Amino acid sequence: MPTLETTVNGIKFPNPFVIASGPPGTNARVICRSFAEGWGGASAKTVSLDASKIVNTAPRYGRLKSGDGEPYGWENIELISTMPLERWLDEFKEIKDKYPDRVLIASIMEEFNKDAWFEIIERCESAGVDMFECNFSCPHGLPERKMGAAMGEDPAILTEVCGWVRQATTKPVWAKMTPNVTHIEDPSRAALAAGIDGISAINTIRSVIGVDLETLRPMPTVEGYSTVGGYSSKAIKPISLRMNMEVATLIHDEFPGRTLSGIGGIETGNDAAEFILLGADTVQVCTGVMLHGYDLVKKMSDQLLAFMDKHGFETIDDFKGKALPYFTTHSDLVQRQAKVKAEKEAARAAAKAAEAADQGITQDENWDGDDFVKQSDELVG
Ligand SMILES: Cc1cc2nc3c(=O)[nH]c(=O)nc-3n(C[C@H](O)[C@H](O)[C@H](O)COP(=O)(O)O)c2cc1C
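- The name given to the protein in an unreviewed UniProt entry is dihydrouracil dehydrogenase (NAD(+)), with Rubripirellula lacrimiformis as the source organism.
- Looking at the Subunit (unreviewed entry) heading of the UniProt record, one finds this comment for the protein: "Heterotetramer of 2 PreA and 2 PreT subunits."

Right under this line is the structure:
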């Protein structure tokens, strides 16, 4: 009987399904609800030292729907948590008291200031969180204050900040990466080289969800204006799978033993299986929960277990990264295909020759210019 239980960075997860930082983890009430439904862990909505600087707009979401009305793409211009850190610290304690066996991850973000990073880590740690996820990836609003993606797209800054974080705590830390870079390996390498335990990838993709054809204004429209947002949900899965593959390859080649938490468009157990086959240790879900509710985890668990059962995998580690060795260059694909074609042609020619040798020439189309004399000779009785 397969098990979903898995140990990542020394921490036991009852299953690999983690609530991604965002609305589904905005306070203790909803995080406890997610744990009651069966989620293995939760990365709480990102906290900072001074929540009074965080002001959201309404509306702040936009979505794309398919022909049958099902949303597949979601944009948000939401910032990090507006709840004061003092209240979060009480809520972290409350969550751990109620659910000691679930993994509570503090998602943290601060300015480029060593003391601030030390303070936020020390305060969250004393509230009992199990581990940290550094939000180096929020693509809107916060970069205006040189936070979030402004840090995550700059390997030199990451080296310094991740170095502080590593000094500040012995608990596991994941660095959550922005997809809005050309090569996600570069910032990921900087974070891992500074001693960070794992990478979470990806945060949202910079986007403009649309333009209102009545008002002629970009959306989501706030007092007639808009700003660039972050794109999530099913539509981004191919991009997040590609980036997971790139980070998993980096971990395999340069940082064996470090971990990967896959995020982006995951909403089924089969989606989770794909991310794990490409090297993820855990998977995180944000928009999927906003669209389908917390009990989604039950269907995801059943489907992932059925996949494992079908292939005879007992544990997540049995199939983690199994699809990873099958990426290569395009020119290698062309060479492989030419080789297979040549082998098939050689096999066909050999079969034809064998048949002719067996039967002698019984059909006129079997005469061959190259072997004409030999074939004539074989027919001599
Ligand atoms: C409305 C909304 C708010 C989000 N807020 C945060 C946040 O505070 N911190 C963070 O690290 N990521 C945040 N995210 C990003 C998600 O955690 C996740 O990386 C992204 O949405 C892709 O995953 P998904 O397709 O499962 O939503 C937010 C996403 C959405 C949709």
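1. A word on the domain arrangement of the protein
It is common to give the size of an interface as the accessible area lost on bringing the parts into contact.
Then, number 1: With domains assigned, the protein is organised as domain 1 (6-324) and domain 2 (330-378).
Then, number 2: Look at where the C-alpha atoms of domain 1 and domain 2 centre, and you get two points 57 Å apart.

2. A closer look at the site of the ligand
Then, number 1: Around the ligand lies a shell of 27 residues, among which Ala 20, Gly 22, Ser 232, Cys 286 and Thr 287 are the nearest.
Then, number 2: Of all the secondary structure elements, the ones that give two or more residues to the shell around the ligand are β6 (71-76) and α9 (287-292).
Then, number 3: Residues that form the shell around the ligand fall into these classes: ten nonpolar, 14 polar and three charged.

3. So, the environment of Ala 190
Then, number 1: Of note, Ala 190 is situated in helix α6 (residues 185-193).
Then, number 2: Looking at Ala 190, the number of C-beta atoms within 10 Å reads 23, which means it is buried.
Then, number 3: Leave out the neighbours within four places in its chain, and Ala 190 touches Pro 155, Leu 158, Thr 159 and Cys 162.

4. Here's the deal with the sheet that holds β6
Then, number 1: Strand order across the open sheet formed by four strands is β5-β6-β14-β11, with antiparallel pairing between neighbours. Taken across any chain shown, the strands that pair with only one partner, and hence form the sheet edges, are β5 (61-65) and β11 (205-207). Geometrically, the sheet is characterised by an average inter-axis angle of 35° between neighbouring strands, direction not taken into account.
Then, number 2: Bridge count between β11 and strand β14 (residues 229-232): three bridges; the pairing is antiparallel. Along β14, the bridge assignment pairs Ile 205 with Tyr 231.

Criteria and thresholds
- Residues numbered from 1 in each chain as written.
- Predicted model: local features only at pLDDT ≥ 70, side-chain atom pairs only at ≥ 80, totals over all residues.
- UniProt positions renumbered as here; feature names shortened; annotations may be inferred.
- Domains from an automatic or database assignment.
- Near = placed C-beta within 6 Å.
- Helix = DSSP H or I, 4+ residues; strand = E, 2+ residues; numbered from the N terminus.
- Nonpolar A, V, L, I, M, F, W, Y, C, P; charged D, E, K, R; others polar.
- Buried ≥ 20, exposed ≤ 12 C-beta atoms within 10 Å, placed from the backbone.
- Contact = placed C-beta atoms within 7 Å.
- Pairing = 2+ DSSP bridges.
- Axes fitted to C-alpha atoms, helices over the stretch in contact; angles between N-to-C directions.

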